[in-house]
Structure formats: C-alpha cells, structure tokens
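Working through the structure, step by step
Given next are the chains, with one letter for each unit.
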Amino acid sequence: MSNLTHVLLVDDNSKYLKDALPFYGYEVKAVCDGLQALEVLHSKSNNFDIVLLDVMMPNMDGWETLKAIRNDDKTKHLPVIMLTAVNDDQKMVSGLKIGADDYIVKPFILPNLLARMEAVLRRSAIHKELTKETSDSNVKINSLTSKEKEVLQMAAKGASNKQIAENLFVKEVTVKTHLNSIFKKLKVENRTQAVLLAVQSDLLD
C-alpha cells in the first residue's frame, strides 16, 4: 500500500472516480467539498500526492479551495488538477494563475484523466528532486567558513590561487589549504565541481 499514489478527490459526486482509480494504482480519499478537503489536508495524516478538485461544490467551491491550498506552506506545492463542467478558456486561464496544475473538462474519458495525472505527477517529482538538490547544496555551502566562502567566490570568478592569495594578503599555500577544505566539505573533487555547487546555492549573487 505504501507504494500507491495517494489521491485526494474533492467532489460532491465522486463515486465513479472513487471506484475506478484504485484499479490503476491509486489510493483514493474522497470528500464532498472544499472545507472537508482543507480539514483533511491540515491533518497530521496528510500524505497526498495529488488533488483532484471539482470546481462546482457546496460550502466552498474549487476556486476558493485552490487559493487556500496555494496560500498554505504545507500544501502550496501539492499538485492540483481541476475538474470542471464549464469549458471556458478565460476561467481556465484564471485558474492556472491561481495555481492549478492542469484542467480537465467534464465529461471526460478515464484514460485522458489518467494521462493528465501521470504528467502532473512527473513534473511534481522533478520539482521535488530539484528542490532537494538545491537544499543539499545550501547545507553544504553553509558548512563553509566565511573565509572559505570568500575563496570560493573568487575562484568562481576565475581568479587563480596566486590572485586569491594577493587579494586576501595570504600565502598561496594558505589558499590551497582553504580549497582542500572546501573540496572536503562540499564532497567534490575539483574546483569546477565546487563552483557548480556555489552557483546552485546562489553564493555568487
């Protein structure tokens, strides 16, 4: 069960998808409106990978629910596909600006929805991986001393060991010592790899 993709289905008429999606490897939790959806998303048991969100619902419609999801740090990156019975380009564009990841117009065929879900989930996985890489890079960069960061910044701008030594008023061997320490802390083998990590971490801004 842990390998299943967890779907929060927010629709006041959810029986069809609730019954169909489990056959395709999805574990579905269905709620009837936006208020229930937000309550579930705010719970400690929230482990959803994607939200299927109907637009027309009682109590809180899909637009307001989407805004609330995007305004919450806990759920702002959660993929959301809007389900709507209205094929209105203007409303779709507005929804995309609010933060919808995709749209599908009712009535739809199930393979179309499944393909859209898979595409959105792939994009989400790529985003998570890039975010993790950036976070890991930041942790490594933050382990450097201020002097090591200074050396790395100058190295990234193309300065030689001799030039760095002159700028810092130290011996060239001291620069080499700093660079060796930088390579060890960043877990890289050379200057080029260290500079790439510095760029990923915005150290050069």
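First things first, this report covers the structure right here in the doc. On a predicted model such as this, the values are computed, not experimentally measured, just so you know.

With that out of the way, let us pick up the sheet that holds strand S5 (residues 102–105). Ordered in space as S2-S1-S3-S4-S5, the 5 strands form an open sheet in which the pairing is parallel. Only two strands of the sheet have a single partner each, and these edge strands are strand S2 (26–31) and S5. Put simply, the sheet's adjacent strands are angled 20 degrees from each other on average, direction ignored. One ladder, built from 4 bridges, connects strand S1 (residues 5–10) with strand S3 (residues 50–54); its direction is parallel. Within S3, the residue paired with Val-10 across the bridge is Leu-53.

Moving on, we come to the side chain of Asn-161. Position of Asn-161 among the secondary structure elements: in helix H7 (residues 161–168). At a separation of 2.3 Å, a polar atom in the side chain of Asn-161 contacts the side chain of Arg-191. The contact partners of Asn-161, leaving out residues within four places of it in the chain, are Glu-172, Val-175, Lys-176, Leu-179 and Arg-191.

Time to look at unusual backbone geometry. A cis geometry characterises the amide bond from Lys-106 onward to Pro-107, with omega recorded as -10 degrees. Relative to the helices and strands, Pro-107 is located in the loop between S5 and helix H5 (110–142). You will see that Phe-169, though not glycine, has its phi angle at about 60 degrees, which is positive. Overall, the relative accessible area of 76% leaves Phe-169 in the exposed class. Positive phi is not limited to glycine here, since Lys-187 has a value of about 60 degrees.

Bringing the environment of Pro-79 into the picture now. In this fold, Pro-79 is placed in the loop between helix H3 (62–70) and strand S4 (80–84). Note on Pro-79: relative accessible area 4%, which makes it buried. Linking Pro-79 and Ser-124, residues 45 residues apart in sequence, is a C-alpha distance of 6.8 Å. Ignoring sequence-local partners within four residues, the contact set of Pro-79 consists of Asp-49, Ile-50, Val-51, Arg-70, Asp-101, Val-120 and Ser-124.

An α-helical segment advances 3.6 residues per turn. Residues three or four places apart therefore align on the same side. Burial in helix H6 (residues 146–156) covers these residues: Glu-148, Val-151, Leu-152, Met-154 and Ala-155. Considered in projection along H6, the buried side chains sweep an arc of 165 degrees and stay on one side of the axis. Directly beyond the C-terminal end of H6, a positive phi value near 95 degrees is found at Gly-158.

Looking now at the environment of Asn-167. Here Asn-167 shows up in helix H7. Measuring from C-alpha to C-alpha, the distance between Asn-167 and Met-154 comes to 9.2 Å, with 13 residues separating the pair along the chain.

When S1 meets S2, the two strands line up parallel, connected through 6 bridges. Each residue of the ladder has a partner; that of His-6, found in S2, is Glu-27. For the handedness criterion, the β-α-β arrangement of S1, helix H1 (residues 15–20) and S2 is classed as right-handed.

So, on to the packing of aromatic side chains. Under the defined criterion, the tally for this structure stands at 1 aromatic pair. Geometrically, the ring pair formed by Trp-63 and Tyr-103 is tilted, given 6.1 Å between the ring centres and 50 degrees between the ring planes. You can see Trp-63 sitting in helix H3 and its partner Tyr-103 sitting in strand S5, a full 40 residues away along the chain. A relative accessible area of 18% places Trp-63 in the buried class. Take Tyr-103: its relative accessible area is 7%, and that puts it in the buried class.

Burial of S3 is extensive: 5 of the 5 residues sit out of reach of the surface. Here S3 shows a buried face lined by Ile-50, Leu-52 and Asp-54 and a second buried face lined by Val-51 and Leu-53. In the sheet, S3 pairs with S4 via 4 bridges, with the strands oriented parallel. Paired with Asp-54 across the bridge in S4 is Leu-83. For the segment spanning S3, H3 and S4, crossover handedness is right-handed.

Cut-offs applied
Residues numbered from 1 in each chain as written. Predicted model: local features only at pLDDT ≥ 70, side-chain atom pairs only at ≥ 80, totals over all residues. Heavy atoms only, no water. Pairing = 2+ DSSP bridges. Helix = DSSP H or I, 4+ residues; strand = E, 2+ residues; numbered from the N terminus. Axes fitted to C-alpha atoms, helices over the stretch in contact; angles between N-to-C directions. Polar contact = N/O pair within 3.5 Å; in protein donor to acceptor, adjacent residues only side chain to side chain. Contact = heavy atoms within 4.5 Å. Buried < 20%, exposed > 50% of the residue type's maximum accessible area, 1.4 Å probe, protein only. Arc of directions from axis to C-beta. Right-handed = clockwise from strand over helix to strand, strands pointing away. Phe/Tyr/Trp six-rings, centres within 6.5 Å; stacked < 30°, edge-to-face > 60°.

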